[in-house]
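Notes for the structure review
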Amino acid sequence: MLGIKTKIKRCIAHCISATWASPKKKTIDELAFNKKYKLSIPTYEKSGQIVHPDILIQEGTPKYVLAFTPYPNTNDKFENPSIAVSDNGLHFHEEKESLNPLVPAPEKDHNDDPDLTFHNGTYQILYLETVRPDYQNLMLLTSKDRSNWNKEVLHHEALNGKKDGFMLSPALVYSENDCFLFAVKKDLSYGNSLFAIKGTGLKSLDFENKLRLNLNGISEKYQPWHVDVFKCGKDGYVMLLCMVTPYSNKKKEYTLFVGTSKNLIDWNFKKTPVLTNAYRSSGFVKDGVLYIYFSSNVYADVWKTGLYKTSL
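In this report, we go over the structure that sits alongside the text.

Cut-offs applied
- Residues numbered from 1 in each chain as written.
- Predicted model: local features only at pLDDT ≥ 70, side-chain atom pairs only at ≥ 80, totals over all residues.
- Heavy atoms only, no water.
- Helix = DSSP H or I, 4+ residues; strand = E, 2+ residues; numbered from the N terminus.
- Rg over C-alpha atoms; globule rule 2.2 N^0.38 Å.
- Buried < 20%, exposed > 50% of the residue type's maximum accessible area, 1.4 Å probe, protein only.
- Contact = heavy atoms within 4.5 Å.
- Areas by Shrake-Rupley, 256 points an atom, 1.4 Å probe, with all protein chains shown as cover.
- Pairing = 2+ DSSP bridges.
- Axes fitted to C-alpha atoms, helices over the stretch in contact; angles between N-to-C directions.

Attention now moves to the overall build of the chain. The helix and strand tally for the chain stands at 1 helix and 20 strands. Taking 2.2 N^0.38 as the reference for a compact globule, 312 residues should give roughly 20 Å; the C-alpha atoms of the chain span a radius of gyration of 18 Å, in line with that estimate. Counting all 312 residues of the chain, 53% fall into the buried class. Partitioning the contacts of the chain with sequence separation of at least 6, the portion at a separation of at least 24 is 48%. Accessible area for the chain stands at about 14800 Å²; split by element, carbon and sulfur atoms hold 48% of it.

Laid out in structure tokens, this is it:
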């Protein structure tokens, strides 16, 4: 039985999310700009609450594939990589009954932070197997058909009793000759930092040598939290960087900044945030329009997923 305080908090969360619009249109092209639309994402434990959306737009059918982790009422034991598909980017469904979750939870602690790419005919999902204070694994799932997935450890990091993992929110992107992995280093003492590594391929990522990134326009009021990077046009890239107030703040505020780059090293960010209360975001650019899929902790322990359309 739920306590009265929990019932009140979840009622408030429902009222807040009700202010988001429903996507009654048939396509994303018909949606209004600069407006939050609430999405319904099916989860294997039936809550519909997710925390880490990562969208992939592709040719053919289904056109949209969404990787995510359920997070029912902020319970991370259900935070296991899952996927849903859509023909219009608005209405998602499980592609195959009982397909999710793609992997079970580890024996202790939890999985988190999936990132979906499609490269050379193969779907790739990176996610974290976080087993504190022992170790954290960067895991790789691969599939040709989105139904049968192979799992392997891409990188292992011993934590040696530390409460922090070695990374948050891995985000993989391919350039013409290399692949880059962006992530956030969580640091409770000195604050989080964004970093990137690269390799000629996924299996050759150089975890020992971090690249120096130039982040122009980022506010010092926040620190990095979750990140996604994707291609835009022939030779451009977009970064969606969710920032959070420092750990010393009692009340956490999450804010989304958008940056662009030609070389994945030098980034220019819009000085004003695109969204507030955006915990993790993913997206794509179509005809100069940026479509952002984001998760929000709307109130207390309740999570909702939204879609936001804006000019790049």
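Past the structure itself, the notes keep going.
A few words now on the pairing of strand β20 (residues 302-311). Within a regular strand, the side chains alternate between the two sheet faces. Burial runs high along β20: 8 of the 10 residues are buried. When strand β1 (residues 36-39) meets β20, the two strands line up antiparallel, connected through 4 bridges. Residue Tyr37 lies in a different strand from β20, and its bridge partner there is Leu307. Two strands pair when backbone bridges link them, and strand β19 (residues 289-299) and β20 are joined in this way by 10 bridges, in the antiparallel orientation.

This part covers the sheet that holds strand β18 (residues 280-286). Overall, antiparallel pairing links the 4 strands, which are arranged β1-β20-β19-β18 in an open sheet. Looking at the sheet topology across the chains shown, the edges are occupied by β1 and β18. The average undirected angle you get between the axes of adjacent strands in this sheet is 30 degrees. Here β18 pairs with β19 via 7 bridges, running antiparallel. Looking across to β19, one finds that Ser281 is bridged to Phe294.

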